[in-house]
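As a plain string of letters, each chain reads:
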Amino acid sequence: YFFGGKIMTENDIFQIMFAGLQTQGLFLIGFAFLTWFAGRCAVVANESGNANIVSKIVTSAFALSSLWYLNMQFSYVSLVLNNAAHNLAVLKDSGSEISGFGQNFIETYNASSSEVPTISLINEPIAIILVLSIALILLSAIWISKPNNE
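The following paragraphs examine the structure supplied in this document. Since we're looking at a predicted model, the values are computed, not measured.

### Quick word on a nonpolar patch on the surface
Reasoning step 1: Taken together, the side chains of Ile53, Val54, Ile57, Val58, Trp143 and Ile144 present a nonpolar region at the surface, about 600 Å² in accessible area.
Reasoning step 2: Here the nonpolar patch takes four residues from helix H2 (residues 53-93), the largest share from any one element.
Reasoning step 3: The residue Ile144 is located in the segment after helix H4 (125-143) in this model.

Shown next, in the form of structure tokens:
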């Protein structure tokens, strides 16, 4: 398996994976902040109890778009891990020796040298539950008015 004109080693594959995970981690922090900010916007828009429809629509659009990108980061992390497992499987099938950790990594992600991983917007069930629950929290804070006790 070639990268930059040389045959990659197991160490090279893991270094590329770690670099990708660090990048995705930084993006995840940014989009998690945007999701938190969307929650603050939802609370502020609904605090007075008489938020207009335009502010509710704009806040909803911002909240859902920040969640979209948060979900994308989960998808990219999965892709980075699956790509590393695939690259290790290709390296193993080429006749190179793989460590026990590398073999375990291939087995954990059920990787093969023939199937190239692709990105999927549908994540693991727990990530789907997380994103949907955040969406419900944000949208209910925007659209469900608090009772006026005055």
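Structure shown, so let's carry the discussion forward.
### A closer look at the packing of helix H1 (residues 10-47) against H2
The angle between the axes and the distance between the axes are what describe a pair of packed helices.
Reasoning step 1: Contact geometry of H1 with H2 gives a least axis separation of 8 Å together with a crossing angle of 170°. When the interaxial angle is binned, H1 and H2 end up roughly antiparallel.
Reasoning step 2: Of the residues that constitute the contact of H1 with H2, the class distribution is 27 nonpolar, seven polar and one charged.

### Regarding the side chain of His86
Reasoning step 1: Take His86: it is sitting in helix H2.
Reasoning step 2: Once you skip the residues sitting within four places of it in the chain, His86 turns out to touch Ala111, Ser112, Ser113, Glu115, Val116 and Pro117.

Parameters at a glance
- Once a new chain begins, its residue numbering starts again from 1 and follows that chain's sequence as written.
- A pLDDT threshold of at least 70 governs which residues receive local features in this predicted model, and a stricter bar of 80 or more applies before side-chain atom pairs are shown or counted, although totals over entire chains, interfaces and linings include all residues.
- To obtain the side-chain values, all non-hydrogen atoms of the structure were used and water was disregarded.
- For patch building, the residue pool is restricted to those with more than 30% relative accessible area and no salt bridge; the joining distance is 9 Å between like charges and 5 Å between nonpolar side chains (Val, Leu, Ile, Met, Phe, Trp, Tyr).
- Under the convention used here, a 1.4 Å probe and the Shrake-Rupley method define accessible areas, while residue burial counts only the protein chains that appear.
- Throughout this description, the term salt bridge denotes a Lys or Arg side-chain nitrogen within 4 Å of a carboxyl oxygen of Asp or Glu.
- Here a strand is any run of E in DSSP of at least two residues, a helix any run of H or I of at least four, and the numbering for each starts at the N terminus.
- To define axes, lines are fitted to C-alpha atoms, for helices over the stretch in contact only, and angles between the resulting N-to-C directions are given on a 0 to 180 degree scale.
- Orientation labels follow simple angle bins: below 35 degrees gives roughly parallel, above 145 gives roughly antiparallel, 65 to 115 gives roughly perpendicular, and whatever is left gives oblique.
- Here the term charged refers only to Asp, Glu, Lys and Arg, the term nonpolar to Ala, Val, Leu, Ile, Met, Phe, Trp, Tyr, Cys and Pro, and the term polar to all other amino acids, Gly among them.
- Note on definitions: a residue-residue contact is assigned when non-hydrogen atoms from the two residues lie within 4.5 Å.

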